[in-house]
Every structure is written in C-alpha cells, then in structure tokens.
Amino acid sequence: MDHIPRLSEAVYVGLCRKVGSPTEVRIRREVKDTEEVVNKPVDIMRGLERMESGSRREGFKLRTSDLDWMFWPPDHKVICDLSQVSLYRIPQHTVILMECDDLPPGFTRLNLLSPSNDEDVRSSCVEINNNVYISSTLFRDNYLRYLQSYNWGFSSNSHGPCSTFCRGGLESDCVFCFRSHHWPAIAFPWIHRCRQQGWPSEDVLSDILRSGCHVVPIGSTPDSRQEWRISFSMAEQKIVYSMNHTQFLCYGLFKIFLKEIINYNECPPGLCSYFTKTAVFWVIQTNNALTWTPENLLPCFWDCFKLLIHWVFAGEGPNFFIPLNNMFRYKVIGSIQTVLFNKLYKLYCEGIPCLLLSETLGPFLSLAILYRTLRMCTDESSVITNTELEISLFEEFDGRSQRVSSDEEFAALMKNIEIEISKRLTPFQEATVQFITSDILRNTAMLKLCDVYQHKNPNKVYYKASYVPRMLKLSCTLGCVSDILYLAMYFYRTCRYERSLTCLQKIQDRMSKLYIMYGNHVNKYMYTLCTMGVTLCHKMKIALVNNIVLRSQYTYIDELVLEQKNSEENGKDTLFIPPLVMLHMMLILNHHRLGDIIRSQQSLQDLQTLLLCDDGVYVPPPLRDISWEILGICQQICGDFLGALESYQQSLQQDPLNKIREATLFRINTLINE
C-alpha cells in the first residue's frame, strides 16, 4: 500500500503551498499576536476589548478564510458561581452571574447582579421573578443599531449572534458579547477528559483554563430571547495553535473538502466549517492509534471524515467542550439530514479519489497518480524558499494601518511597544513591532497635522507643527521604502514643493533598485543576492514597497479629500493607492505648483503610460479604480479636461474596491457643467 503515503505526501505539499508551510503559518500568527498585544490598552481606552477569531486568526490564508471579531466591555465581569463575586470591585465592575439550570447544555442566562454604566446593556435588561436578566435579543439589536449609527459599513441584518460588516473591502463577522475569566462548571468534565487522553498538553490546558470563555447573544432556539450561548473561541484558537503541522493541514484539508466538494452546488447547507474543526479535535484526542505525520495525512483525514458521516447518520454532533450540546439540533434534521448523509456516503464509497473533485487539491493528486514513481519531499526547505517566506511576512504588513485618535492613545501604544521590545522576540516579531511603530508614528503625525489646521492659538499651532516632520522622518527611518511618500505629501500640503520633490527623487531612486519587493512581485535572485546577511528589519527598510494607505480620519492632500469622504460614507475607512501611482501624482502636483509645465506634463504622460501598459505588476487590478481617478484629477488640474473625463469613465469601469463611485460621478458632473 505504498501509494497511500505517496498520495498523502502529494496532498501535504499541495496544502503547504495553498494553506501555508509551518513557518508561513507561524508568521501569520506572530504578526496577529503582536498586533493584538500592542493594541490591547487602546482597545480598553475606547471602551471595548476585542479578539480576532476565525480561519485567518488561526493561520489560514485561503480564499474563503473568514475574519471574525469579538468585542466585549472589559468592566463587565461574568462569573460562574456566586463565590466569585468577591474577586471584583463594585461599582467599578459590573458583575453578571451565569445561570445554566433548566437550560439546554451549553446555554445560560445572564443575571445582572450590579448596575451597569453602559446604556446599551441597561436597555437590554428585562425583569423576571424580581431578578434582572440581560436579554440576548435586545442586546444584539442594541449593538447593531450602535454600529449602524457610526456608518462603518455594517449590514442592517444579523445572522446568529453576529453582524456582517465590510472592512478594507473584506466582509467580516462581528459579535458583541461578554467575557468570563472563569471556566464554566458544565465544561469541567472536559478538563478530566483532556488529562486522561493527554491532549492538549498540560501547559495548553492550563492556559485555556486561565483564559475562561465568552457568552454570545444567541439562544438554543429563535424564541429563546433570554438565553446566551457559551463560546469557547479563545480555547479553540489555543488548541489550533497547539496542533502539529500535519494536524493543522488535516483541518485545512477538511475545510477545503467541505467547501469544494460536500457543499458544492446543490448540496443543502447543513454543514459548516465549525463541525469539521470539532471532528478533527475529537479524532486527535480520542484516536491514539493515529500517527500525525505527512505520509499519514490521508488516513488521518479519512478518520475525521468517517466520524462526520457517523454524526450525520445519527443526527448528533457533540460539541468538543460540552458533548451533551448537540450541534446538529435544529440544523441537520429531516430531509436535510437524509440528503446530506446520502451525499457523504457516496463520497465515502468513492474513497480517496473523491478528492480529485477539489479545485485546490485535484492537480496535486493527479500528478501523484499519473507518475507512480514520483516521491515528494515534505521538508519545508523543499516546499518554500526563505525569500518566499519573507514575501509571506511582508504581505501580512500590506494594508495594515493603526488608527490613533489622541495623544493618550499614542502614549499607551508606545508604552506597550516599549514593553514588547524588552522581550525576547523572534525575527518575525521584531519586524512586526518595527512596522507597527512606524505606522503609529506616521498616523500620530497626521493627527497632529489635522490639529494644526484646527487650532487658532498660534503658540499651540507652532508647538504641534514642530512634531509633525520629526515624527514622519522617524517613521521613514523605521518603515519601508514607500513610507517616504507620506513625508512628500506633508511637504506638499505645507507648500514646500522643493522639499517634497527631494523626497520624491529619493524614493524614485530607491524604487528603481532591482531587488525591490512589491506584493509578491520581486526578482528573487537579485533580492536574495542583494539582501544576503541582512536582518529582516533592515530588508523591510531597503527593499519593501507597500500600498499607500490613506485613513479617512486624516487629511493628507486636499486633492483626495473628496475620495476619502466618499469611501468613508460607503463604510470603508481607508483608501489603498499603488505607490508608483502616488509617486507620479505627487510629481505632477509639485511641478504644477512650481509652474514647471514641461516636467508636469512629462510626469502626467508617465502616469498615463503606466495605467495603459501595466499588466498588474505595479497597478494591481483591485486598485485601478483609484488609479484612474488620480490620473483624471491630475489631468483636470493641468487643464486636460477631455482626458480627465475619459479617465473618470475608466475609473467607473473598474472593480469598486475603494468605493469612490459617487466621488467620480461628482467630478464628471463638475467637468460637464464647467
């Protein structure tokens, strides 16, 4: 049966390339972990703690990977037993008691024991038998209205405990909840089971128990308005982190199998990826006979698949933490259960070849089947190069931007960065901290620049203005190559056009180097040759070029204010602009302000040529809407009204990633009416 290890290795290599190698997954997690630690004090200052969950947080980067957020008020403390009241201070803390009696396993009521200062919490309360309870339905509706009032792109409809919103062009699920730092009594048997089976390890188990759980606003039935579901999202994340890479890829394989084969086309929507994750957890913990190595990946996956079939046949999917909580209740029943079982059983009868139906895995399996003597090396260095790992790291940075709203937030962020720097960090964490520090300095400078234009006291204006260029220059020394563009925008906005052109010349020289990396576009040979022996942090400073990110809270240059406001009105708080497009725009504007018509026209021609001839290397297709818009703005400023009209029309035909359609139409109408 030599073909099974061979096929397993082929699938393992394919998954490493699609899902990520061990180091790639570690990179994604370390970037997210570092960002979360740095942001924690600011989140609390803003009134809510948060945690990212979902597939992306676990380390996946599949096209279908979801991004979920959990928010909770840090001063609301959920306890599992009345004896725990003494651990908190009232009235600084609002204490809430979980009551699980006479409820389906995994669900609870929330008894408000002390008054809340949160209006949305107070208006969610109902009185039952002289006790005050927080209604999950009212709580969910109140926070949905709260989000909609800020026009952050949240949908008007909720599903389950979540609300869907758009952030940076990506749809995400958001759930407002409460956190308990205590482990619920109903899940105590899980602790005994873990110790008995030896998985997860004692260290991971202790960490999970210290972290506690959450309660999310959804009941066991649609009519259960006072019930809340106990959520173990934080524990699940820690368990996924503790998996070896074969176990993690098995989980990824199951997700792909569910998406591309089980749920493909006509199959009823009875299964979700949470069920597959739970099945993998159960198999890892209870089947000690399995060896989780690359050559055994497919047998391990097949055991997970068989468990899922058994659950569907029985109509019972036991929750990993509370087995008495049947996840299939009200979901996998009746005709849905019958059709689903028939499809799963048919796939089971086909055996491993059913994976050939997967768009993601089919090519790798076909290769291994056609070439029977082919053996694939599963060593990481054979699957991915160091340069590709660095590309993976730097791709995590692209598009990230830290909002800074006050001097207090800036101080809290920098204090946490100082704490992080004092720790023993991995090279990936060091690069992440350096990138975040540069971003914070830049956005704080933009915040102070906005204050300069709003203050009427000349002394305060001078004091604040003196910090802006210093912060931007420090940001440039820490950040990537393209960060100099922000300094050029500052000099342009303050009418120092010659200084701005000096910055632009510097970045133009640096971006012309053969080893420059933009997204996944890089000359790997020259990059490896020219950055050999250089630290990751220094590579970021000399080789990395990122998209320009304009946050709606700050004004960078007046010419793009209309687009920023329009994007914000459509629920998107950032504009993403290709750095080469931004470079040409700044050259055009500066030369135009200085009256240098020849250079201004030459730069305008260069920008137009770039947009007409680029094959997606320097102007990615998702960013062509803002790129054509910028060309139109520059043409309009330089007096080419017909060319501007054509560019605006081109912008309307692109993917609306930046959500600036109304701004484009306004500029077209202005041109026509002039």
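Residues numbered from 1 in each chain as written. Predicted model: local features only at pLDDT ≥ 70, side-chain atom pairs only at ≥ 80, totals over all residues. Heavy atoms only, no water.

K.L.:
Got a sec to walk through the environment of G479? Specific residues and values, please.
P.N.:
Looking at where G479 falls in the secondary structure, it is placed in the loop between α18 (458-478) and α19 (484-493). Classification of G479 by relative accessible area gives buried; the value is 0%. Not counting chain neighbours up to four residues away, the residues in contact with G479 comprise S438, M540 and K541. (Helix = DSSP H or I, 4+ residues; strand = E, 2+ residues; numbered from the N terminus. Buried < 20%, exposed > 50% of the residue type's maximum accessible area, 1.4 Å probe, protein only. Contact = heavy atoms within 4.5 Å.)

K.L.:
Residues and numbers for unusual backbone geometry, please.
P.N.:
Cis geometry marks the peptide bond from I90 to P91, where omega comes out at 15 degrees. Within the element layout of this structure, P91 appears in the loop between β3 (76-79) and β4 (94-99). Cis geometry is found at the peptide bond from W199 to P200, where omega equals -5 degrees. With respect to the helices and strands, the residue P200 is situated in the loop between α6 (188-197) and α7 (202-211). For N130, which is not glycine, the phi torsion reads 65 degrees and is therefore positive. Relative to the elements of secondary structure, N130 occurs in the loop between β6 (125-128) and β7 (131-134). Classification of N130 by relative accessible area gives exposed; the value is 70%.

K.L.:
Residue-level account of the nonpolar core, with values.
P.N.:
Of all hydrophobic cores here, the largest spans 95 residues; its most connected members are F178, W190, F257, I262, L271, F305 and L355. Discounting chain neighbours no more than four positions away, the residues touching F257 are I262, F301, F305, L347, C354 and L355. By size, the runner-up hydrophobic cluster in this structure holds 78 residues, among which are L472, L485, I588 and I668. (Core = buried A, V, L, I, M, F, W, Y, C linked by side-chain atoms within 4.5 Å.)

K.L.:
I'd like a description of a positive patch on the surface, backed by residues and values.
P.N.:
Judged by side-chain charge, K473, R496, R499, K506 and R510 come together as a positively charged surface patch. Considering every element that reaches the positive patch, the biggest residue donor is helix α20 (residues 497-511), with 3 residues. Judged by its relative accessible area of 32%, R496 falls in the partly exposed class. (Patch = residues over 30% accessible without salt bridge, like charges linked within 9 Å, V, L, I, M, F, W, Y side chains within 5 Å. Areas by Shrake-Rupley, 256 points an atom, 1.4 Å probe, with all protein chains shown as cover. Salt bridge = Lys/Arg side-chain N within 4 Å of Asp/Glu carboxyl O. Lys, Arg positive; Asp, Glu negative; His and termini not counted. Charge placed at Lys NZ, Arg CZ, Asp CG, Glu CD.)

K.L.:
A description of the pattern of salt bridges should follow, citing residues and the corresponding values.
P.N.:
Here the structure, examined in full by the defined rule, presents 28 salt bridges. For R400, the salt bridge is made with E396, and the minimal N-O distance between the two is 3.6 Å. For the pair shown, R400 and E396 are each scored as buried. For D573, the salt bridge identified is with R551, shortest N-O distance 3.3 Å. Note that D573 is positioned in the loop between α23 (561-569) and β17 (574-577) and R551 in strand β16 (residues 548-551), a separation of 22 residues in sequence. D573 gets classed as partly exposed once you look at its relative accessible area, which sits at 27%. R551 sits in the buried class, given a relative accessible area of 6%. Put simply, E35, K61, E396 and R400 are held in one network by salt bridges that share partners.

K.L.:
Tell me about the pairing of β3, and name the residues and values.
P.N.:
What you see with β3 is no split at all: H76 and V78 on one side and K77 and I79 on the other are buried throughout. Sheet topology note: the β3/β4 ladder contains 4 bridges and is parallel. Among the inter-strand pairings, V78 is bridged to a residue of β4, identified as I96. (Pairing = 2+ DSSP bridges.)

K.L.:
Tell me about the side chain of Q237, and please be specific about residues and values.
P.N.:
Here Q237 is to be found in helix α8 (residues 233-242). Beyond its immediate stretch of four places on either side in the chain, Q237 contacts E52, S53 and R57.

K.L.:
Outline the environment of K541, supporting the account with residue identities and numerical values.
P.N.:
Residue placement: K541 occurs in helix α22 (residues 536-543). The spatial distance from the C-alpha of K541 to the C-alpha of T477 is 7.3 Å, given a sequence separation of 64 residues.

K.L.:
So what about α22? Which residues, and what values?
P.N.:
Since there are 3.6 residues in each turn of an α-helix, residues three or four apart along the chain are aligned in direction. Among the residues of α22, those classed as buried are L536, C537, K539, M540 and A543. Each buried residue of α22 sits inside an arc of 165 degrees when the element is viewed along its axis, so together they form one side. (Arc of directions from axis to C-beta.)

K.L.:
Describe the packing of helix α25 (residues 597-613) against helix α26 (residues 624-637), naming the residues involved and giving the relevant values.
P.N.:
Contact geometry of α25 with α26 gives a least axis separation of 10 Å together with a crossing angle of 155 degrees. On the basis of the axis angle, α25 is roughly antiparallel to α26. The element α25 and its partner α26 pack so that their crossing is left-handed. Contacts between α25 and α26 involve L604, L607, Q608, L611 and L612 from the first element and R624, S627, W628, I630, L631, C634 and Q635 from the second. Across the contact of α25 with α26, the residue classes tally to 8 nonpolar, 3 polar and 1 charged. (Axes fitted to C-alpha atoms, helices over the stretch in contact; angles between N-to-C directions. Parallel < 35°, antiparallel > 145°, perpendicular 65-115°, else oblique. Left-handed = near helix turned anticlockwise from the far one by under 90°. Nonpolar A, V, L, I, M, F, W, Y, C, P; charged D, E, K, R; others polar.)

K.L.:
Please provide a residue-by-residue account of the packing of aromatic side chains, values included.
P.N.:
A full pass over the atoms with the stated rule returns 39 aromatic pairs. Taken together, a centroid distance of 6.5 Å and an interplanar angle of 45 degrees make the contact between F254 and F257 tilted. Taken together, the residues span about one helical turn, with F254 and F257 both in helix α9 (residues 245-262) at a distance of 3 residues. On the numbers, 5.2 Å between centres and 80 degrees between planes, the contact of F257 with F301 is edge-to-face. Taken together, the residues F257 in helix α9 and F301 in helix α11 (residues 297-314) connect sequence positions 44 residues apart. Of the residues examined, F257 reaches a relative accessible area of 1% and is grouped as buried. By relative accessible area, which is 0% here, F301 ends up buried. By way of ring pairs, the aromatic residues F254, F257, F301, W302, F305, F313, F341, Y345 and Y348 are connected into one cluster. The residue whose ring lies beneath R29 is F248, and the NZ or CZ to ring-centre distance is 4.9 Å. (Phe/Tyr/Trp six-rings, centres within 6.5 Å; stacked < 30°, edge-to-face > 60°. Lys NZ or Arg CZ within 6 Å of the ring centre and 35° of its normal.)

K.L.:
A description of a nonpolar patch on the surface should follow, citing residues and the corresponding values.
P.N.:
Taken together, the side chains of L367, L370 and Y371 define a hydrophobic patch exposed on the protein surface, amounting to about 330 Å² of accessible area. Topologically, L370 is positioned in helix α13 (residues 362-370). In this structure L370 comes out as exposed when scored by relative accessible area, which is 65%.

K.L.:
Can you break down helix α28 (residues 661-673) residue by residue, with the values?
P.N.:
The end-to-end C-alpha separation of α28 is 18 Å, in line with the 18 Å expected for 13 residues at 1.5 Å each. Within α28, the full set of buried residues consists of A663, T664, R667, I668 and L671. Down the axis of α28, the buried set is contained in an arc of 140 degrees. They therefore lie on one face. Facing away from the buried side of α28 by more than 90 degrees, the exposed set consists of F666, I672 and N673. In this fold, the buried residues of α28 make contact with α23, α26 and α27 (641-652). (Expected span 1.5 Å × (residues − 1).)

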